[in-house]
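Results of the structural survey
Chain by chain, the residues run as shown.
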Amino acid sequence: MAYDKPLPSPDEQTQPFFDGLREHKLLLQYFPSADHYQYPYSDRCYKDWSTDWEWRESSGNGEVYTWVRMHQLYHPSWKEEIPYTLAVVQLDEGPRMNTNLVNVDVDEIRVGMRVKVMFEDVTDEHTLPKFEPA
Amino acid sequence: MSDPIRGQTAICGLGITEMGKVYGHDASWFAGESIRLAIEDAGLEKDDIDGLLVNPGITGMMGTGISIPLQGYLGLRNLRLLNHMNSFGATASAMVQYAALAVHHGMANYVACIFADAPLQQGGSAGAAYGGAGRRGPTGMASLMPAFGFYGANTSYALAARRYMERYGIANNDLGRVSVAQRRYAVDNPHATMRQPLTLEDYHNSRWIVEPFHLLDCCLVSNGAVCTIVTTAERARDLKSSPAYVWGMGQGHPGNFPHAEIEVGTTSGATVSGETAYRMAGVGPEDVDVCEFYDCYTYTVLRTIEDYGLAKPGEAIGLYPEDPADPEAELPMINTGGGQLSSYYMWGMTPISEGVIQARGSGGDRQVEKHDIVLCSGNGGTLDTHGTLILSPNAN
């Protein structure tokens, strides 16, 4: 069956991030002047307001900051998945990411659990960065 | 030492419309009803109103909310102060604060602060109103949220709650105690939408929304409006209804930065906001008689209690009886009208409206006996913005 869940919709600024996902790379913005990794994308560093930055590949390693089980159906395409696991992952580089936890027994999930990124190619054009136990 | 402005301003009029599944009217209509009720309560005439501050609820994001054109709709021709404000759930406190400062310094005499919303439509679900219905799909990074299945405030608060619960060993039953306690108050509140008594069993049997939240952890969605009229203490004294004097005001906005350097979810702006307001009022947590806290979720109440210094971190649940449904069990003086969980969801105006009622001593069967210091909170975003009002029936 064709993938029918909502798909990411890159814009000009974030296209490189989404292209990175296609290559199974998790890209973060790195702002040298503040030695600061930032996510999600912004055209300015919120620490020192610098606009000078580069894309850097994340290690993809981190830990569960918090997590929930989604039971409410907001979009019909999630009907078969409910309940599914949503999480905020604290990357080792600093930024926190909203994501899904996969390949994990729900009873095992804890705040602080070590996880690593995995790339799910949901369509020929779209890849989502999800996390699984490290 | 309190600030000289303590007790110099007051809420002199309160208008609460019919609340909940009231269909066939838009937000402006509810706003009109609320200001009509508020001037009647204060004993004022329409032309006395010379300030208008408005805050739309979710309909403000759907394009049908109240804004500056409300002035024309209401025919307010004497305005010396006018603004559309939004710091989400903290707005109501902020409106009263800016109104108080303005009347204190003579910029206006009677400022109407109005929250109005009408997201519920006949046949539509409450969740649909807040789940993003009617809004365009996001692009860029934001488009990842629906792609992962993140929807609405229920999700972001559940994430915050989980972190708090794991850190302090708080169980779902504990959240249930907050829900059941507030319902017991709502039973005695004629303005409340949900007045059927509730048990912990009912709580556990209510469906999961976003685990750890059951349905009964989440606030209502309501159509309706609340208007408060702010004036000087001197003017308020001679009006029809007893004033709720403003003793303390504060704000604190930690924002929400997704980075390891900043803890989110287990802290709120109440710490900073509360300190400012306590200092202005010359009181401390030990002086507070009644709390009306923004309770979008059960969890928010526990977090707020602790950030105002009324309990140590992780220990707010200790203020609640094991079984709040037991009529013999003494309830904490918190959210005495049932709050947003059980009475009505008018963003930050829910706590302020009940705070005015309690300060005046007009709470009927739910009136708290000692009500000299009433602490009201507003909270917006996911604990990103915060406002505090300390109200009192006493001018000094």
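Residues numbered from 1 in each chain as written. Chains lettered and ligands numbered in written order. Predicted model: local features only at pLDDT ≥ 70, side-chain atom pairs only at ≥ 80, totals over all residues.

Focus: the overall build of chain A
Of regular secondary structure, chain A possesses 1 helix and 8 strands. By the compact-globule yardstick of 14 Å for 134 residues, chain A fits well, its C-alpha radius of gyration being 16 Å. Taking the principal axes of the C-alpha coordinates as reference, chain A spans close to 45 × 30 × 25 Å. Scored against the burial criterion, the 134 residues of chain A give a buried share of 35%. Within chain A, contacts between residues at least 6 apart in sequence are counted, and of these 49% link residues at least 24 apart. (Helix = DSSP H or I, 4+ residues; strand = E, 2+ residues; numbered from the N terminus. Rg over C-alpha atoms; globule rule 2.2 N^0.38 Å. Buried ≥ 20, exposed ≤ 12 C-beta atoms within 10 Å, placed from the backbone. Contact = placed C-beta atoms within 7 Å.)

Quick look at the overall build of chain B
Secondary structure summary: chain B contains 14 helices and 11 strands in total. Scaling as 2.2 N^0.38, a compact globule of 396 residues should have a C-alpha radius of gyration of about 21 Å, and chain B matches this with 20 Å. Its C-alpha atoms give chain B principal-axis dimensions of about 50 × 45 × 45 Å. In chain B, which comprises 396 residues, the proportion classed as buried is 58%.

Overview of the environment of Leu82(B)
Residues and elements named next belong to chain B. Summarising the element assignment, leucine 82 is placed in strand β3 (residues 81-84). Owing to 16 C-beta atoms within 10 Å, leucine 82 belongs among the partly exposed residues under this scheme. In sequence terms leucine 82 and asparagine 172 are 90 residues apart; their C-alpha atoms lie 44 Å from each other. Beyond its immediate stretch of four places on either side in the chain, leucine 82 contacts Leu52, Ile68 and Gln71.

Quick notes on the sheet that holds strand β2 (residues 36-38) of chain A
All names here are of chain A. Pairing is antiparallel across the open sheet formed by 3 strands, whose spatial order is β2-β1-β3. With partners counted over all chains shown, the strands left at the sheet margins are β2 and β3 (54-57), one partner each. Strand after strand, the sheet turns through a mean of 45 degrees between neighbouring axes, direction not considered. As judged from the 4 bridges shared by strand β1 (residues 27-31) and β3, these two strands associate in the antiparallel manner. (Pairing = 2+ DSSP bridges. Axes fitted to C-alpha atoms, helices over the stretch in contact; angles between N-to-C directions.)

With respect to the sheet that holds strand β7 (residues 224-232) of chain B
Residues and elements named next belong to chain B. Across the sheet, 9 strands lie side by side as β3-β2-β4-β7-β1-β8-β11-β10-β9; this open sheet has mixed pairing. Each edge of the sheet is formed by a strand with only one pairing partner; in this case those strands are β3 and β9 (290-292). The sheet shows a mean angle of 25 degrees between the axes of neighbouring strands, taken without regard to direction. Examined bridge by bridge, strand β1 (residues 9-16) and β7 share 7 bridges and lie antiparallel to one another.

Things to note about unusual backbone geometry
Here Ile82(A) and Pro83(A) are connected by a cis peptide whose omega angle stands at -5 degrees. Inspection of the secondary structure puts Pro83(A) in the loop between β4 (61-70) and β5 (84-91). The omega torsion of the bond from Glu211(B) to Pro212(B) falls at 20 degrees, within 30 degrees of zero and hence cis. Of note, Pro212(B) is situated in the loop between β5 (208-211) and β6 (213-214). One non-glycine residue, His24(A), lies in the positive phi region at around 60 degrees. Residue His24(A) is classed as partly exposed on the basis of its C-beta count, with 13 C-beta atoms lying within 10 Å. Positive phi, normally seen in glycine, also occurs at Asn103(A), with a value near 55 degrees.

What about the packing of helix α7 (residues 152-168) of chain B against helix α12 (residues 298-307) of chain B?
Residues and elements named next belong to chain B. Closest axis-to-axis distance for the α7/α12 pair is 9 Å, and the angle between their directions is 55 degrees. Relative to α12, α7 is oriented oblique. Between α7 and α12 lies a crossing of left-handed hand. Taking contact as the criterion, the partners of Tyr157, Ala160, Ala161 and Tyr164 in α7 are, on α12, Tyr299, Thr300 and Arg303. Of the residues assigned to the contact of α7 with α12, the class counts are 5 nonpolar, 1 polar and 1 charged. (Parallel < 35°, antiparallel > 145°, perpendicular 65-115°, else oblique. Left-handed = near helix turned anticlockwise from the far one by under 90°. Nonpolar A, V, L, I, M, F, W, Y, C, P; charged D, E, K, R; others polar.)

Side note on the nonpolar core
Residues and elements named next belong to chain B. In this structure, Val96, Ala99, Val111, Ile114, Ile229 and Leu391 are the most contacted members of the largest nonpolar core, which totals 152 residues. At 9 residues, helix α4 (residues 91-104) tops the list of elements feeding residues into this core. Excluding residues that lie within four positions of it along the chain, isoleucine 114 makes contacts with Ala31, Ser34, Ile35, Val54, Ile66, Ala225 and Cys227. (Core = buried A, V, L, I, M, F, W, Y, C linked by C-beta atoms within 7 Å.)

A closer look at the packing of helix α8 (residues 172-186) of chain B against α12(B)
Residues and elements named next belong to chain B. Interaxial distance between α8 and α12 falls to 8 Å at its minimum, and their mutual angle equals 95 degrees. Taken together, the axes of α8 and α12 lie roughly perpendicular to each other. Listed contacts from α12 to Leu175, Val178 and Ser179 of α8 are Thr298, Tyr299, Val301 and Leu302. Classifying every residue of the contact of α8 with α12 by side-chain character gives 5 nonpolar, 2 polar and no charged.

Thoughts on the confidence of the model for chain B
Within chain B, residue pLDDT values average 96, and 98% of them lie at 70 or more. Confidence estimates for the predicted assembly give a pTM of 0.96 and an ipTM of 0.97. (pLDDT = per-residue confidence, 0-100.)

Looking at the interface of chain B and chain A
In this complex, chain B contributes 33 residues to the contact, which on the side of chain A involves 38 residues. Listing elements by their share of the side of chain B that touches chain A, those giving two or more residues are α6 (144-148), α7 and β5 of chain B. Ranked by residues supplied to the side of chain B that touches chain A, first place goes to α7(B) with 8 residues. Taken together, the residues of the side of chain B that touches chain A break down into 17 nonpolar, 12 polar and 4 charged. The pairing of β4(A) with β5(B) spans 2 bridges and is classified as antiparallel. Bridge assignment links Arg69(A) to a residue of β5(B), and that residue is Glu211(B).

As for helix α14 (residues 349-360) of chain B
Residues and elements named next belong to chain B. If you check α14, its first and last C-alpha atoms are 16 Å apart, about what 12 residues at 1.5 Å a residue would give, namely 16 Å. The set of residues buried in α14 consists of Met349, Thr350, Pro351, Ile352, Ser353, Glu354, Gly355, Val356, Ile357, Gln358 and Ala359. Count one or two residues on from α14 and you reach glycine 361, which has phi positive near 80 degrees. (Expected span 1.5 Å × (residues − 1).)

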